[in-house]
Amino acid sequence: MNIQSFSMIGAAYMNPYAYGDLTGVNYGVWFLRHLLADSKFMTIFSLLFGAGVVLMASRREATDRSAAGVHYRRMFWLIVFGFLHGLFLWAGDILFTYGICGLWIYLFRRRSPRFLIIAGIVVVSVASLLTMFWQVTMPYWPPEAIDQVEVEWWAPPPEEVQNELDAYRGDWSEQQTLRGPTSVFMQTNHLLTEYLWRAGGLMLIGMALFKLGIFGAARSREFYIRMMSLGFGLGLPIVVFGVLYCNDHAWDVRSAFFGGSQFNYWGSLLVAAGWIGVVMLVCQRHGWDREKMTLAAVGRMALSCYLLQTIICTTIFYGHGFGLYGSVSRVGQAMIVVAVWGLLLVFCPLWLKRFRFGPFEWLWRSLTYMKLQPMKLES
């Protein structure tokens, strides 16, 4: 999903009609991406982040070692990575959010799955309630406030579009005139109104799913088939209905910006459950060992892959590289995605044949444990 933000103006992520061709195959690419990926994989990663907190803490506590110090150092450095990544490389950073959420979800790691699921749903609902409050009160806003939302975030006028194109097609200092303020907004306002609640709540649910054995492919095949069927069967129609709703309202900011986003906000949770069911069924299936190990290598280097994608894509699209920002269609974006995936699927297994960790995982681990970690594998 991040290719959209790397390659086009920010408004085009939420409002596909804000920029670029949206006809024919380009519309098909956008629709499938929105239907199957938008917010779905961020949901899964948030769930897994919560599961990881429980896994790492329980491993240390099982050997009578304190987990708190290591956990909070990990989160501190993740916050630092996210702050620097967002401020100086790409304003769409999510590491800062995960680090902040990790500070408080840790306190709930020993609670029961039932408590964690209920609490998680309540926390996820906060952002939705805030959004619907703004939707309901929007008719009473001053006209200039609505215009500001539309100009800055939904359908910027041609001069604003050109300003953004010029900034990101320029050198690093020119990019910084937009990236800096956008990053600060994302890591403050957007964090407090959406990310903190959605990501944090999903992390609590992820803790519960881990405790229930769902992420370990430990449940029955029938369980995962039901999970897949219900997730896709309920979630996809909700997301499609959201697109139809926005189409019916001509993607007008007064209807689509707040209210229209809620169909995917909730539908994406169900679609994510469907994807988890698919992956667990694949994990249970015998065979495909080489393919599974290749994907597992990417998983072991998740942080490095995330940051490498930023380095690769900002080089392709920003002015310090090839300067293609705003020039690549959605079909072209999809082709670049496949190419980057292919590169990482080759690179990660080769790297892990020689080294214990990905390069950024090694740095994160060394900072957390306050000493350089062994990197090279013994031959």
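Predicted model only: the values in this text are computed from it and were never measured.

1. Observations regarding the nonpolar core
Moving on, step 1. Counting residues in each nonpolar core, the largest one holds 58 residues, and the members touching the most others are Ile9 and Phe317.
Moving on, step 2. Per-element tally for this core: the top contributor is helix α10 (residues 172-211), with nine residues.
Moving on, step 3. Excluding its chain neighbours within four sequence positions, the residues that come into contact with Ile9 are Ala18, Tyr19, Pro156, Val161, Glu164, Leu165 and Tyr325.
Moving on, step 4. Residues Ala51, Ile214, Met227 and Ile276 belong to the second largest nonpolar core, which totals 20 residues.

2. Looking at the environment of Val54
Moving on, step 1. Of note, Val54 is situated in helix α4 (residues 40-62).
Moving on, step 2. Separated by 294 residues in the primary sequence, Val54 and Cys348 place their C-alpha atoms 26 Å from one another.
Moving on, step 3. The residues contacting Val54, other than those within four sequence positions of it, are Arg109, Met207, Phe210 and Lys211.

3. Let's talk about the packing of helix α15 (residues 302-317) against helix α17 (residues 359-369)
Moving on, step 1. Interaxial distance between α15 and α17 falls to 6 Å at its minimum, and their mutual angle equals 120°. For the element pair α15 / α17, the angle class is oblique. Pair α15 / α17 crosses with right-handed handedness. Every residue of α17 that contacts α15 at Ala302, Leu303, Ser304 and Leu307 is listed here: Pro359, Phe360, Glu361 and Trp364.
Moving on, step 2. Looking at the contact of α15 with α17 residue by residue, the classes come out as six nonpolar, one polar and one charged.

4. So, the pattern of salt bridges
Moving on, step 1. According to the stated counting rule, one finds three salt bridges in the structure shown.
Moving on, step 2. Glu61 serves as the salt-bridge partner of Arg110, at 3.0 Å between the closest nitrogen and oxygen. One end of the pair, Arg110, is in the loop between α6 (95-105) and α7 (113-137); the other, Glu61, is in helix α4, and 49 residues separate them in sequence.
Moving on, step 3. On the accessibility criterion, Arg110 (61% relative accessible area) is exposed.
Moving on, step 4. The exposure class of Glu61 is partly exposed, given its relative accessible area of 26%.
Moving on, step 5. Connected via shared salt-bridge partners are Glu61, Arg109 and Arg110.

5. A few points about the packing of aromatic side chains
Note on aromatic pairs: each is described by the distance of the centres and the angle between the planes.
Moving on, step 1. Under the criterion given, the structure shown has 29 aromatic pairs.
Moving on, step 2. Pairing Phe45 with Tyr98 gives two aromatic rings, centres 5.7 Å apart and planes at 15°, and the pair type is stacked. Of the two residues, Phe45 is situated in helix α4 and Tyr98 in helix α6; the sequence distance between them amounts to 53 residues.
Moving on, step 3. The partly exposed category is assigned to Phe45, whose relative accessible area is 40%.
Moving on, step 4. Pairwise contacts between aromatic rings join Tyr17, Tyr27, Trp30, Phe31, Trp134, Trp141, Trp154, Trp251, Phe257 and Phe258 into one cluster.
Moving on, step 5. The ring of Phe115 carries Arg111 above its face, with NZ or CZ at 3.8 Å from the centroid.
Moving on, step 6. Over the ring of Phe223 we find Arg219; its NZ or CZ atom is 4.4 Å from the centre of that ring.

6. Focus on the environment of Gly260
Moving on, step 1. Take Gly260: it is sitting in the loop between α12 (253-256) and α13 (262-284).
Moving on, step 2. On the basis of relative accessibility, which here comes to 9%, the residue Gly260 falls in the buried class.
Moving on, step 3. Along the sequence, Gly260 and Met132 sit 128 residues apart, while their C-alpha atoms lie 9.8 Å from each other.
Moving on, step 4. Contact partners of Gly260, with chain neighbours within four places excluded, come to Tyr245, Cys246 and Ser255.

What counts and what doesn't
Residues numbered from 1 in each chain as written. Predicted model: local features only at pLDDT ≥ 70, side-chain atom pairs only at ≥ 80, totals over all residues. Heavy atoms only, no water. Core = buried A, V, L, I, M, F, W, Y, C linked by side-chain atoms within 4.5 Å. Buried < 20%, exposed > 50% of the residue type's maximum accessible area, 1.4 Å probe, protein only. Helix = DSSP H or I, 4+ residues; strand = E, 2+ residues; numbered from the N terminus. Contact = heavy atoms within 4.5 Å. Axes fitted to C-alpha atoms, helices over the stretch in contact; angles between N-to-C directions. Parallel < 35°, antiparallel > 145°, perpendicular 65-115°, else oblique. Left-handed = near helix turned anticlockwise from the far one by under 90°. Nonpolar A, V, L, I, M, F, W, Y, C, P; charged D, E, K, R; others polar. Salt bridge = Lys/Arg side-chain N within 4 Å of Asp/Glu carboxyl O. Phe/Tyr/Trp six-rings, centres within 6.5 Å; stacked < 30°, edge-to-face > 60°. Lys NZ or Arg CZ within 6 Å of the ring centre and 35° of its normal.

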